[in-house]
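Residues per chain are reported as follows:
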Amino acid sequence: MSAQYNETEVDLQAVNGDAASAAVGIEFGPELMRFAESLAARDDDLGDHRQALLETAGPAVLVDAAGVAANFQRMVRIADAIGIPVDERSGEMGRQVRAELDLERFPSARNSVSV
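Residues numbered from 1 in each chain as written. Predicted model: local features only at pLDDT ≥ 70, side-chain atom pairs only at ≥ 80, totals over all residues. Heavy atoms only, no water.

Here we take up helix H5 (residues 59-82). Relative to the 34 Å expected for 24 residues at 1.5 Å per residue, H5 spans 35 Å between its end C-alpha atoms, a close match to the ideal helical length. Each element contacted by the buried residues of H5 is listed here: helix H3 (29-41) and helix H4 (46-57). Where H5 terminates, the next one or two residues include Gly-83, which has phi positive at roughly 75°. (Helix = DSSP H or I, 4+ residues; strand = E, 2+ residues; numbered from the N terminus. Expected span 1.5 Å × (residues − 1). Contact = heavy atoms within 4.5 Å.)

Below, the structure written as structure tokens:
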């Protein structure tokens, strides 16, 4: 919705790790995507992706990205821990996005009703 409101083209497949999709409409998109994925996965390449984002986008973007990623992880873990389901308020657009991105493949999807 934010992209539509700002009339910015984005490709949601970036959520699934597609670097070309991450580059559509998002400044530093591929670097941000790699950093966020590495952070969430806690993989061995986190330092390399952090450095690449720093070199490409600068320290302010790196700090903002780290803060957003940490906050998102916190919110998702709380929601999963207490079993907050996706409800009817997400409507048709939510169903379309979940289907397009195949979000049902994630273990946390079992906490949500199919709406």
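Still more ground to cover, so stick around.
Let's shift gears to the nonpolar core. Phe-35, Leu-46, Leu-53, Ala-57, Leu-62 and Ala-65 together form the largest nonpolar core, which totals 6 residues. For this core, the secondary structure elements donating two or more residues are H4 and H5. Looking at which element gives the most residues to this core, the answer is H4, with 3 residues. Other than its neighbours up to four places away in sequence, Phe-35 contacts Leu-46, His-49, Arg-50, Leu-53, Leu-62, Ala-65 and Ala-66. (Core = buried A, V, L, I, M, F, W, Y, C linked by side-chain atoms within 4.5 Å. Buried < 20%, exposed > 50% of the residue type's maximum accessible area, 1.4 Å probe, protein only.)

Contact geometry for H3 and H4: axes closest at 9 Å, N-to-C directions at 150°. Classed by the angle they form, the pair H3 and H4 counts as roughly antiparallel. Of the two elements, H3 crosses H4, and the hand of that crossing is left-handed. On the side of H3, the interface is formed by Glu-31, Leu-32, Arg-34, Phe-35, Ser-38 and Leu-39, while H4 contributes Leu-46, His-49, Arg-50, Ala-52, Leu-53 and Thr-56. Classifying every residue of the contact of H3 with H4 gives 6 nonpolar, 3 polar and 3 charged. (Axes fitted to C-alpha atoms, helices over the stretch in contact; angles between N-to-C directions. Parallel < 35°, antiparallel > 145°, perpendicular 65-115°, else oblique. Left-handed = near helix turned anticlockwise from the far one by under 90°. Nonpolar A, V, L, I, M, F, W, Y, C, P; charged D, E, K, R; others polar.)

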